[in-house]
Amino acid sequence: MADPAPTPVSPIETATADAVNSLIEVIDKGTAPPMLEAQRILMERIALEGDVIPSRIKPPANITEIGGYINLLDSLNEKDAEAEMISSILGIAGANYGPGAFAEPPPIAFARIPNDRPDGPAQMFIPTHITVRADFVDAFQAAMKSLHDAGCMLPLLSPARSLPAATPGVQLSVDILSILGRAIDVVPASVASDPDHDALAFARKPPGGTAPYALVARELDGGTGVASDTWEALKCDSTSCTASSGARQYQPIAPLFAPAGWYPQTTYSAPSSAASLGSLTRLVNVTGLVKGATKLGEELNLLYTRAQIGQSALASQVGYLWDGTAFSPPA
C-alpha cells in the first residue's frame, strides 16, 4: 500500500517557522545583557503560556466529559492533579507554576561567615557559621575584628532567615527583625554561667551601682588588650542571678558595634535566671528605617521574592509602618 501523501505546508507556515527558529538562535547565542534578559523572558513565556508537552488527555468532546474527569479526581481528593488536568486541557501552564518561578532574585542576600567558637564547655553549642545581611556584613566584620584585636570573642546565633508560612485561622507571633536580618543573638551557653571563665558576661561598674548591666566580652588570650578593672558581674542558675565583684578584663560590646549599626535592644530588661536572660542577649540593627515612612513590604522585597512574600504569614502586613520600635498597622 502506498504511503499517504504528506500534508502540504503553506508558505506562510514555513516562513513563520523559519523566522521563529532564526530568532531563537539569535537569542540563544547572545551573551549581551539584553540577550540574556530576552532568554529569561522567552523561557518564562514558554513555561507559563505555552503548551510545551502535549496533553495526554484527549480533547474532551463536551463539558460533560470534563465534568467526569473533575468528579473522578474529586472523589480521589487529588486537588493538585485536578488543577493540572484542567490546565492540560486548556493548554496553559499548570497550577504549580506562576510568575514567581522566574522572579528575579532579591537585591540583597544573606552572607554566611565563620562564627567565634572559643574553647570551653559552651563550644559544643556554638554554630560554626552565622548569616548576616550582605549590605551589613562589611561593617559587621570590621566590628568583629576590633573585638578580636582586643583578645575577645563573640559567639553568636543567627535567627531563622526565612518567612513563616501562612496558616489559615492561626495568628503567628513573628520575629520580624530577625526575618529582615536586623537582629542577631549571643549563644546563651556562653554567658552568665561563670563570669570569670565564660567568653561573655553581664556586668557593670562601679560595683553596687544602679547602672544597667551590659553585655561584655572577656579577654581570652591573657594579653593586655583590655585593661583590668573592678566589675560587678552576674552568675545565673536555673532560678536566679547573683552578683559578684572582682578584677576582670572585660570589653563592652556596644561601643565596638555601634559604629557598624548594631545596638542593644532599646527596651532594657535585666537577667533574672539562666532561663530568662533579659534583653542583653540580642543586638539589633535598625539603620535606614524611617519612623512613619518605611513599610514592611519595602524591607521584605529587599530579601525575598514576591512569591515568597505572598505565600507567607506576612502577606497581609506589607503595608505596616516602622513606628520606631516595630512595624505596626498605619494609623
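So, here is what we can say about the structure in this document. (Residues numbered from 1 in each chain as written. Predicted model: local features only at pLDDT ≥ 70, side-chain atom pairs only at ≥ 80, totals over all residues. Heavy atoms only, no water.)

### Overview of the overall build of the chain
Right, on to step 1. A tally of helices and strands in the chain yields 9 helices and 13 strands.
Right, on to step 2. For the chain, the residues scored as buried account for 33% of the 331 residues in total.
Right, on to step 3. Considering only contacts in the chain between residues 6 or more positions apart, those separated by 24 or more positions represent 61%.
Right, on to step 4. Counting only carbon and sulfur atoms, one obtains 59% of the accessible surface of the chain, whose full area is about 19,200 Å². (Helix = DSSP H or I, 4+ residues; strand = E, 2+ residues; numbered from the N terminus. Buried < 20%, exposed > 50% of the residue type's maximum accessible area, 1.4 Å probe, protein only. Contact = heavy atoms within 4.5 Å. Areas by Shrake-Rupley, 256 points an atom, 1.4 Å probe, with all protein chains shown as cover.)

### With respect to the packing of aromatic side chains
Right, on to step 1. Counted under the stated rule, the structure contains 5 aromatic pairs.
Right, on to step 2. Between F140 and F257, the aromatic rings sit 5.8 Å apart at their centres with planes inclined by 65 degrees, giving edge-to-face as the arrangement. Note that F140 is positioned in helix 5 (residues 137-149) and F257 in helix 7 (residues 254-257), a separation of 117 residues in sequence. Both residues of the pair, F140 and F257, count as buried.
Right, on to step 3. Ring pairs connect the aromatic residues F136, F140, F257 and W262, which therefore count as one cluster.
Right, on to step 4. Cation over ring: R133 sits above F136, and NZ or CZ is 4.5 Å from the ring centre. (Phe/Tyr/Trp six-rings, centres within 6.5 Å; stacked < 30°, edge-to-face > 60°. Lys NZ or Arg CZ within 6 Å of the ring centre and 35° of its normal.)

### Examining helix 8 (residues 296-303)
Right, on to step 1. All buried positions along helix 8 are accounted for by L296, G297, E299, L300 and L303. One face of helix 8 carries all of its buried residues, which in axial projection span an arc of 160 degrees.
Right, on to step 2. Tucked into the core, helix 8 has its buried residues touching strand 1 (110-114), strand 2 (129-133), helix 6 (176-179), helix 9 (306-310) and strand 13 (327-328). (Arc of directions from axis to C-beta.)

### Considering the environment of A313
Right, on to step 1. Looking at the secondary structure, you find A313 in the loop between helix 9 and strand 12 (321-322).
Right, on to step 2. Counting along the chain gives 147 residues from A313 to A166, while the straight-line C-alpha distance between them is 3.9 Å.
Right, on to step 3. Those residues in contact with A313 that lie beyond four places of it in its chain are P164, A165, A166 and L172.

### Quick look at the pairing of strand 6 (residues 214-218)
Remark: a regular strand shows side chains that alternate across the two faces of the sheet.
Right, on to step 1. Counting buried residues in strand 6 gives 4 out of 5 residues, a clear majority hidden from the surface.
Right, on to step 2. Examined bridge by bridge, strand 5 (residues 200-204) and strand 6 share 4 bridges and lie antiparallel to one another. Its bridge partner lying in strand 6, A203 is registered against A214.
Right, on to step 3. Relative to strand 9 (residues 250-252), strand 6 runs antiparallel, the two sharing 3 bridges. Across the sheet, the residue bridging to V216 is P252, located in strand 9. (Pairing = 2+ DSSP bridges.)

### What about the nonpolar core?
Right, on to step 1. Counting 33 residues, the largest nonpolar core has F140, L154, L200, F202, I253, F257 and W262 as its most contacted members.
Right, on to step 2. Only strand 2, helix 5, strand 4 (183-186), strand 5, strand 6 and strand 7 (229-236) provide two or more residues apiece to this core.
Right, on to step 3. Broken down by element, the residue count for this core peaks at 5 residues, all from helix 5.
Right, on to step 4. Formed by 17 residues, the second largest nonpolar core is a distinct cluster that contains L296, L303, Y304 and W322. (Core = buried A, V, L, I, M, F, W, Y, C linked by side-chain atoms within 4.5 Å.)

### A short note on the pairing of strand 8 (residues 241-248)
Right, on to step 1. Two strands pair when backbone bridges link them, and strand 7 and strand 8 are joined in this way by 8 bridges, in the antiparallel orientation. Bridge pairing links W231 to G246 in strand 8.

### Quick notes on the sheet that holds strand 4
Right, on to step 1. Read from one edge of the open sheet, 4 strands run 3-4-11-10, paired in antiparallel fashion. A single partner strand is all that each edge strand has here, and the edge strands are strand 3 (156-157) and strand 10 (263-264).
Right, on to step 2. Examined bridge by bridge, strand 4 and strand 11 (residues 282-284) share 3 bridges and lie antiparallel to one another. Considered in strand 11, the bridge of A183 is made with V284.

### Let's talk about the state of the cysteines
Right, on to step 1. Evaluation of the coordinates by the stated rule reveals 1 disulfide.
Right, on to step 2. Covalently, C236 is tied to C241 through a disulfide, its sulfur atoms 2.1 Å apart. Taking the torsion about the sulfur-sulfur bond, which here is approximately 105 degrees, the covalent link between C236 and C241 counts as right-handed.
Right, on to step 3. According to the relative accessible area criterion, C236 is buried, its value standing at 10%. (Disulfide = S-S within 2.5 Å.)

### Considerations on the sheet that holds strand 8
Right, on to step 1. With antiparallel pairing, the 5 strands of this open sheet are ordered in space as 8-7-5-6-9. Where the open sheet ends on each side, the last strands, each with one partner, are strand 8 and strand 9. When strand polarity is set aside, the average angle formed by the axes of neighbouring strands in this sheet is 45 degrees.
Right, on to step 2. Both strand 5 and strand 7 contribute to a ladder of 2 bridges, which runs antiparallel. Bridging across to strand 7, R204 finds its partner in E232. (Axes fitted to C-alpha atoms, helices over the stretch in contact; angles between N-to-C directions.)

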